[in-house]
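Coordinate analysis (summary)
One-letter residues, chain by chain:
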Amino acid sequence: MKPQEWRQKLGDCVRDLFLSPEMQHFYSIEMTTERARIYLLQLGIYVRQRRNFWPQVAANCPEFEVKQRIMEHEHEELVEDEHSKAGHLDLIFRQGKQLGLSVDDVLKAQALPTTKAAVYGWFWIARNRPWQEAIAASSIAEWTNDDRLLGDLGGGNCTRLYKIWKRDLNFRDEQMPNFTVHSKADVKHSDMFVDILEKYVAPGREQDVLDTAKESMDLHRAYFGGMAHAMAKVS
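Anyway, here's the lowdown on the structure attached to this text. (Residues numbered from 1 in each chain as written. Predicted model: local features only at pLDDT ≥ 70, side-chain atom pairs only at ≥ 80, totals over all residues. Heavy atoms only, no water.)

Across its full length, the protein holds 13 helices and zero strands. Starting at the N terminus and ending at the C terminus, the protein contains elements arranged as α-α-α-α-α-α-α-α-α-α-α-α-α. In terms of C-alpha radius of gyration, the protein reaches 17 Å, essentially the compact-globule figure of 18 Å for 235 residues. Taken over the C-alpha atoms alone, the protein extends approximately 50 × 35 × 30 Å along its principal axes. Expressed as a percentage of the 235 residues in the protein, the buried residues total 54%. Look at the contacts in the protein between residues 6 or more apart in sequence, and 80% of them connect residues 24 or more apart. (Helix = DSSP H or I, 4+ residues; strand = E, 2+ residues; numbered from the N terminus. Rg over C-alpha atoms; globule rule 2.2 N^0.38 Å. Buried < 20%, exposed > 50% of the residue type's maximum accessible area, 1.4 Å probe, protein only. Contact = heavy atoms within 4.5 Å.)

Below, the structure is given as structure tokens:
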């Protein structure tokens, strides 16, 4: 398929996620400091575990240019990019500090059962599915912050949460570095692997790739749904 076809079909998977009951519930909950802590601690687990998914994809892929692209992506996440000189996890540390969370709190956070189940699912896909499918399943997560795709639905995840935290917690831009950065950085990352799919997905295998990408979005439904459930139980 051509890049525009991949964008359309993968974009539909992401839009379906944002129209799901789990996501609707998640964004409907009024934000409080305790609820914000739940979200940020689970996000810290999500971000750190994603650093385990991408190396599995790279290990299974024989194509040197794809390995290079993955390493470029992970360098920006782990080491530095134009938005952070200390990697993207540092953005969570900095935002967590605004909620009274220490670096240790973020690093030692306990996963909700739904977070744990989703992480196991994403890792299994990255390790065991054909690398073309795993590329789609891992990279599509970046699309959840792409306002170009989701603007008419209220924006991507970070844009929506930026608005919610500003409204309910009275947070300023400098108190939400993770949201302000990822609403921009993930637009770049959304575009990073579309040409790889065009080049390396064999004719007739496109639906397999799309099905696995949808499985990744289903796991996001569990991840966000579990956080919404936990957040709704506290004030």
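Having seen the structure, we can now continue with the description.
Attention now moves to the packing of aromatic side chains. A complete count under the given rule lists 14 aromatic pairs for this structure. Here the aromatic rings of Phe 26 and Tyr 27 are separated by 5.1 Å at their centres, their planes lie at 75 degrees, and the arrangement is edge-to-face. Taken as a pair, Phe 26 and Tyr 27 share a single burial class, namely buried. Where Trp 165 meets Phe 179, the ring centres are 4.9 Å apart and the plane angle is 85 degrees; that geometry is what we call edge-to-face. Within this pair, whereas Trp 165 is found in helix H10 (residues 157–169), its partner Phe 179 is found in helix H11 (residues 177–190), the two being separated by 14 residues in sequence. Each member of the pair, Trp 165 as well as Phe 179, carries the same accessibility label: buried. (Phe/Tyr/Trp six-rings, centres within 6.5 Å; stacked < 30°, edge-to-face > 60°.)

Before going further, it helps to spend a moment on unusual backbone geometry. Of note in this structure, Asn 170 is not a glycine but carries a positive phi near 60 degrees. Secondary-structure assignment places Asn 170 in the loop between H10 and H11. Classification of Asn 170 by relative accessible area gives exposed; the value is 63%.

What follows deals with the nonpolar core. Phe 26, Tyr 39, Ile 135, Leu 161 and Trp 165 are the most contacted members of the largest nonpolar core, which totals 77 residues. Here this core gets 13 residues from one element, more than from any other, and that element is helix H3 (residues 33–60). If we ignore the near neighbours within four places in the chain, the residues touching Phe 26 are Tyr 39, Asn 157, Leu 161, Phe 224, Met 227, Ala 228 and Met 231. (Core = buried A, V, L, I, M, F, W, Y, C linked by side-chain atoms within 4.5 Å.)

The residue Thr 144 is located in the loop between helix H8 (131–139) and helix H9 (147–150) in this model. On the basis of relative accessible area, Thr 144 is assigned to the buried category, the value being 7%. Looking at Thr 144, its side chain comes within polar contact range of the main-chain oxygen of Ala 141, at 2.7 Å. If near-sequence neighbours (up to four positions away) are discounted, Thr 144 is found in contact with Val 14, Leu 17, Phe 18, Leu 150, Gly 156, Asn 157 and Met 217. (Polar contact = N/O pair within 3.5 Å; in protein donor to acceptor, adjacent residues only side chain to side chain.)

Axes are the key here: two packed helices are described by the angle between their axes and the distance separating the axes. Axis separation between helix H1 (residues 3–18) and helix H13 (residues 206–232) bottoms out at 9 Å; the angle between their running directions is 25 degrees. In terms of orientation, H1 and H13 fall into the roughly parallel class. In this structure, H1 meets H13 at a crossing whose hand is right-handed. Along its contact with H1, which presents Trp 6, Lys 9, Leu 10, Cys 13, Val 14 and Leu 17, the element H13 presents Glu 206, Val 209, Leu 210, Ala 213, Lys 214, Met 217, His 220 and Arg 221. Residues that form the contact of H1 with H13 fall into these classes: nine nonpolar, one polar and four charged. (Axes fitted to C-alpha atoms, helices over the stretch in contact; angles between N-to-C directions. Parallel < 35°, antiparallel > 145°, perpendicular 65-115°, else oblique. Left-handed = near helix turned anticlockwise from the far one by under 90°. Nonpolar A, V, L, I, M, F, W, Y, C, P; charged D, E, K, R; others polar.)

Moving on to the pattern of salt bridges. Any two side chains of opposite charge can pair, so long as their charged atoms come close to each other. Counted under the stated rule, the structure contains 20 salt bridges. Notably, a salt bridge pairs Glu 77 with Arg 51, separated by 3.8 Å at the nearest N-O pair. Placement of Glu 77 in helix H4 (residues 64–78) and of Arg 51 in helix H3 is noted, with a sequence separation of 26 residues between them. Across the pair Asp 168 and Arg 167 runs a salt bridge whose closest N-O atoms are separated by 2.6 Å. Linked by salt bridges that have partners in common, Arg 7, Asp 146, Arg 148 and Asp 191 make up one network. (Salt bridge = Lys/Arg side-chain N within 4 Å of Asp/Glu carboxyl O.)

Attention now goes to the environment of Gln 68. The residue Gln 68 is located in helix H4 in this model. Looking at Gln 68, the relative accessible area reads 46%, which means it is partly exposed. Between the C-alpha atom of Gln 68 and that of Arg 94, which follows or precedes it by 26 residues, the distance is 29 Å.

Let us now look at the environment of His 220. Locating His 220 in the fold gives a position in helix H13. A relative accessible area of 2% means that His 220 is categorised as buried. Spatially, the C-alpha atoms of His 220 and Phe 18 are 9.9 Å apart, while their sequence positions differ by 202 residues. His 220 has contacts with Leu 17, Tyr 46, Trp 122 and Ala 141, leaving out every residue within four places of it along the chain. One polar contact links His 220 to Tyr 46, side chain to side chain, over a distance of 2.9 Å.

Any functional reading would require information that these geometric values do not contain.
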